[in-house]
Amino acid sequence: MELGVIGLGRMGRIVVDRVLDAGHDVVAFDIDEEAVADAADAGATPADSIEAVADELGAEKRIWLMVPAGDPVDAALEELEPHLGEDDVVVDGGNSHFEDSTRRAEATTAAYLDCGTSGGPAGAELGFSLMVGGPEWAYEELVPVFDAVATGPQGHDRMGPSGSGHYVKMVHNGVEYALMQTYGEGFELLHEGRYDLDLEAVARTWNNGAVIRSWLLELCEEAFREEGSDLGDVADYVAGGSTGTWTVQESLKQEVAIPLIYEALGERFDSRTDSKFSRRLANRLRYGFGRHDVARSE
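Residues numbered from 1 in each chain as written. Predicted model: local features only at pLDDT ≥ 70, side-chain atom pairs only at ≥ 80, totals over all residues. Heavy atoms only, no water.

### Observations regarding a nonpolar patch on the surface
The cut-off we apply is this: Patch members must show over 30% relative accessible area and no salt bridge, and they are joined within 9 Å when carrying like charges or within 5 Å when they are nonpolar side chains of Val, Leu, Ile, Met, Phe, Trp or Tyr. Computed with the Shrake-Rupley method and a 1.4 Å probe, the accessible areas treat only the protein chains shown as cover for residues. Note on definitions: salt bridges are taken to be side-chain nitrogens of Lys or Arg within 4 Å of carboxyl oxygens of Asp or Glu. We count a stretch as a helix when DSSP gives it H or I for four or more residues in a row; a strand needs E for two or more, and each element gets its number in order from the N terminus.
A cluster of nonpolar side chains, namely Val 171, Val 175 and Leu 179, defines an oily patch on the protein surface of about 210 Å² accessible area. Following the sequence through the fold, Leu 179 ends up in helix H9 (residues 164-192).

This is the structure:
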């Protein structure tokens, strides 16, 4: 297949590399000319504008947007729209709000697939988990690309109609908040408790056969190994919060109680005014899975 990729940040570049590695062709564009040149060095066809991407792809266009959620997605679609037909497919792989995705699907001439993407920079090697919403025919058309970008055929699926992919990803992020908070609270008790414990050793032991083993727990082990059991100068400041907020707002609309996710979101916001070990670990875990900047104390 030939795929246009617009947006060559950390995640977009992983899409490019994995699609190329699977033997497909890529036309790549970013506002950062150096990022375009790097993608070209990896084997992609460079483009100097969004219009150039569309022109290079020819009759049936398959385009993957990996730009920041919000206005940048709408701006990219506005530039693409004059070049799109009903047989074309556009994938939004960012963290868009599901209601925005539904609106865009209705307004875009091409078939629009909202693709929740999970896995962070580790996806460069392992592949992503992809949660896709939109027309079934368009999803089936992009299966070879999804197979390449995901961990494989089991790493992606069509969740349902437009909006459902980003809806599932939104709830995924809410669950992530609660899991991070739970690990943080457990390790805080161990850190402040009656024994002088090596928390890296605890995390490693738990990860080998224990009921609570997980990738996030592996990242806890990494954090304690690199920062020490007291987390060194990692600050009690947990960034982010938008997808967790959307999850809580949706729970209120649907009258579904999600107290653990709500409390985890509250703790994240409270981290901007207070200091707790559990939130310091959550701060460091965000670096582990997403290579987000680690706020550190002065």
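### Topic: the side chain of Asp 30
Rules: Each residue's exposure class comes from its accessible area (1.4 Å probe, protein chains only) as a fraction of the maximum for that residue type: buried when under 20%, exposed when over 50%, partly exposed otherwise. The charge count treats Lys and Arg as positive and Asp and Glu as negative. His and the chain ends do not count. Under this definition, polar contacts are N or O atom pairs within 3.5 Å; protein pairs additionally need one hydrogen-donor-capable and one acceptor-capable atom, and for neighbouring residues in sequence, both atoms have to be side-chain atoms. For this analysis, residues touch if any pair of their heavy atoms sits within 4.5 Å.
Relative to the elements of secondary structure, Asp 30 occurs in the loop between strand S2 (25-29) and helix H2 (33-41). Here Asp 30 is buried and forms no salt bridge, its nearest opposite-charge partner Arg 13 lying at an N-O distance of 10 Å. Among the polar contacts made by the side chain of Asp 30, one reaches the main-chain amide nitrogen of Asp 32 at a distance of 2.7 Å. The contact partners of Asp 30, leaving out residues within four places of it in the chain, are Gly 7, Leu 8, Gly 9, Ala 35 and Val 36.

### Section: the sheet that holds strand S5 (residues 89-92)
In a beta sheet, neighbouring strands pair by backbone hydrogen bonds and run either parallel or antiparallel. To be explicit about the condition: Any two strands between which DSSP finds at least two bridges are classified as paired. Lines fitted to the C-alpha atoms define the axes, with helices restricted to the stretch that makes contact. Angles between their N-to-C directions range from 0 to 180 degrees.
Spatially, 8 strands are ordered S3-S2-S1-S4-S5-S6-S7-S8 in an open sheet, and the strand pairing comes out mixed. The sheet is open, and its two borders are formed by strand S3 (45-46) and strand S8 (156-160), each paired with just one other strand. Taken together, the 2 bridges between S2 and S3 define a ladder with parallel strand orientation. Note that in S3 the partner of Val 27 across the bridge is Thr 45. Where helix H3 (residues 50-57) meets the sheet, it contacts strand S1 (2-6), S2, S3 and strand S4 (62-65), and its direction lies at approximately 175 degrees from that of S1.

### What about unusual backbone geometry?
With a phi angle near 55 degrees, Glu 255 is a residue other than glycine that sits in the positive phi range. Examined against the element boundaries, Glu 255 turns out to sit in the loop between helix H12 (242-254) and helix H13 (259-270). Here the phi dihedral of Arg 291 falls at roughly 55 degrees; this positive angle occurs in a residue that is not glycine. Mapped onto the elements, Arg 291 comes out in the segment after helix H14 (277-290). According to the relative accessible area criterion, Arg 291 is partly exposed, its value standing at 32%.

### A closer look at a negative patch on the surface
So the rule is basically this: To locate a charge, take atom NZ for lysine, CZ for arginine, CG for aspartate or CD for glutamate.
Side chains of Glu 2, Asp 25, Glu 51, Asp 55, Glu 56, Glu 78 and Glu 79 sit close together on the surface and give a patch of like negative charge. At the level of elements, H3 and helix H4 (71-80) are the ones that each hand at least two residues to the negative patch. With respect to the secondary-structure elements, Glu 2 resides in strand S1. Of the residues examined, Glu 2 reaches a relative accessible area of 30% and is grouped as partly exposed.

### Some points on the packing of H9 against helix H10 (residues 199-207)
Put simply, the rule is: Note on angle classes: values under 35 degrees are labelled roughly parallel, values over 145 roughly antiparallel, values of 65 to 115 roughly perpendicular, and the remainder oblique. Crossing chirality is assigned from the near helix's rotation relative to the far helix, an anticlockwise turn below a right angle marking it left-handed and a clockwise turn marking it right-handed.
H10 packs onto H9 with a crossing angle of 135 degrees between their chain directions and a minimal axis gap of 11 Å. It follows from the interaxial angle that H9 and H10 lie oblique. When you trace H9 past H10, the crossing you get is right-handed. Of H10, the residues touching H9 (which contributes Phe 187, Leu 190 and His 191) are Leu 199, Val 202, Ala 203 and Trp 206.

### Details of the pattern of salt bridges
Opposite charge on two side chains permits them to pair, given that their charged atoms come into close proximity. All chains considered together, the criterion is met by 18 salt bridges. Note that Arg 284 is salt-bridged to Glu 222, the shortest N-O span being 3.5 Å. Here the residue Arg 284 occupies a position in helix H14, and Glu 222 occupies one in helix H11 (residues 215-227), the gap between them amounting to 62 residues. An identical accessibility class is assigned to Arg 284 and Glu 222; each is buried. Through salt bridges with shared partners, a single network forms among Glu 222, Glu 226, Glu 227, Asp 233, Arg 284 and Arg 296.

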